[in-house]
Amino acid sequence: MKQLRYIIPLLVLIIAISSFSDTGKNPIRETAIVDSIKKQDSLAIVLVKKQDSLAKIKIIPYKKNVEASHYADKFNGRKTASGARFHNNNYTAAHKKLKFGTKVKVTNTANGKSVIVTITDRGPFTKQREIDMAKKPFLDISHNQGRAPLRVNLEIIE
């Protein structure tokens, strides 16, 4: 009886593992890369493998050592310049020149933490600031209890 107690979970484990195995019927395999990507943003960065050749994600350096800040709470629920509603928990940002929908990797120069945000608004309207992020992604990379501004590097993801 004691042996049966160990055999049944082992069989369940083997069946579960075999159901996730690659059958080889589909030549295209997708692998998701997760780099501080949150469900709210519905961003999926995917590498597609086609017969031993990989299509790689392009990460283009945009600006280094620039200032980033975060939106004030009073902007929650308001419309952005792109027409979408702003929420401080979404991984979105404002930039003066980048197109709406552009994915930008923002890396804190002090601690190396990074997030990926989507440009949905225009701003910030302060000369020395380059990007204005929602509060959630800002706090994710912050090293000083969320006090703005931060020095960051910006990279465009294509």
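Notes on the structure follow. (Residues numbered from 1 in each chain as written. Predicted model: local features only at pLDDT ≥ 70, side-chain atom pairs only at ≥ 80, totals over all residues. Heavy atoms only, no water.)

**Section: the nonpolar core**
The condition that has to hold: Working definition of a nonpolar core: buried Ala, Val, Leu, Ile, Met, Phe, Trp, Tyr and Cys residues. They are joined through side-chain atoms within 4.5 Å. Burial classes: relative accessible area under 20% of the type maximum marks a residue as buried, over 50% as exposed, and values in between as partly exposed (1.4 Å probe, protein chains only). Secondary structure elements follow DSSP: runs of H or I no shorter than four residues count as helices, runs of E no shorter than two count as strands, and numbering proceeds from the N terminus. In what follows, a contact means two residues having at least one pair of non-hydrogen atoms within 4.5 Å.
Among the nonpolar cores identified, the biggest contains 18 residues, and Val106, Val117, Ile131, Met133 and Val152 are the most heavily contacted of them. Elements supplying a minimum of two residues to this core: β4 (59-70), β6 (103-108), β7 (114-121), β8 (129-133), α2 (135-141) and β9 (150-157). Here this core takes 4 residues from β9, the largest share from any one element. Not counting residues up to four positions away in its chain, the partners in contact with methionine 133 are Ser69, His70, Tyr71, Thr92, Ala93, Val106, Val115, Val117, Phe138 and Ile141.

**Details of the pattern of salt bridges**
We count it as follows: Salt bridge, as used here: a side-chain nitrogen of Lys or Arg that lies within 4 Å of a carboxyl oxygen of Asp or Glu.
Counted under the stated rule, the structure contains 4 salt bridges. Ionic pairing is found between lysine 63 and glutamate 130, a salt bridge with its closest N-O pair at 3.3 Å. Of this pair, lysine 63 sits in strand β4 while glutamate 130 sits in strand β8, and the two are 67 residues apart along the sequence. Given the relative accessible area of 33%, lysine 63 is considered partly exposed. Linking glutamate 67 and arginine 129 is a salt bridge whose minimum nitrogen-to-oxygen distance equals 3.5 Å. With glutamate 67 in strand β4 and arginine 129 in strand β8, this pair connects stretches of sequence that are 62 residues apart. The exposure class of glutamate 67 is buried, given its relative accessible area of 16%. Assessed through its relative accessible area of 21%, arginine 129 is described here as partly exposed.

**A look at unusual backbone geometry**
In the segment running from glycine 123 into proline 124, the intervening peptide bond is cis, with an omega of -5°. As for its position among the elements, proline 124 is in the loop between β7 and β8.

**Details of the packing of aromatic side chains**
For clarity, the threshold we go by: Classification of ring pairs rests on two measures: the distance between centres of Phe, Tyr or Trp rings, Trp counted by its six-membered ring, which must be within 6.5 Å, and the angle between planes, read as stacked under 30 degrees, edge-to-face over 60 and tilted in between. A ring is considered to have a charge above it if a Lys NZ or an Arg CZ atom is located within 6 Å of its centre and within 35 degrees of its normal.
Taken as a whole, this structure holds 2 aromatic pairs when the rule is applied. For the ring pair tyrosine 71 and phenylalanine 75, a centre distance of 6.1 Å and an interplane angle of 75° mean the geometry is edge-to-face. Residue class for phenylalanine 75 comes out partly exposed when judged on its relative accessible area of 30%. By way of ring pairs, the aromatic residues Tyr71, Phe75 and Phe86 are connected into one cluster. A cation sits over an aromatic face here: arginine 122 above phenylalanine 100, 4.2 Å from the ring centre.

**Quick look at the side chain of serine 69**
Relative to the assigned elements, serine 69 resides in strand β4. A residue is classified by how much of its surface remains accessible, and serine 69, at 5% relative accessible area, is buried. If we skip the residues at most four places from it in the chain, serine 69 touches Arg129, Ile131, Asp132, Met133, Phe138 and Ala148.

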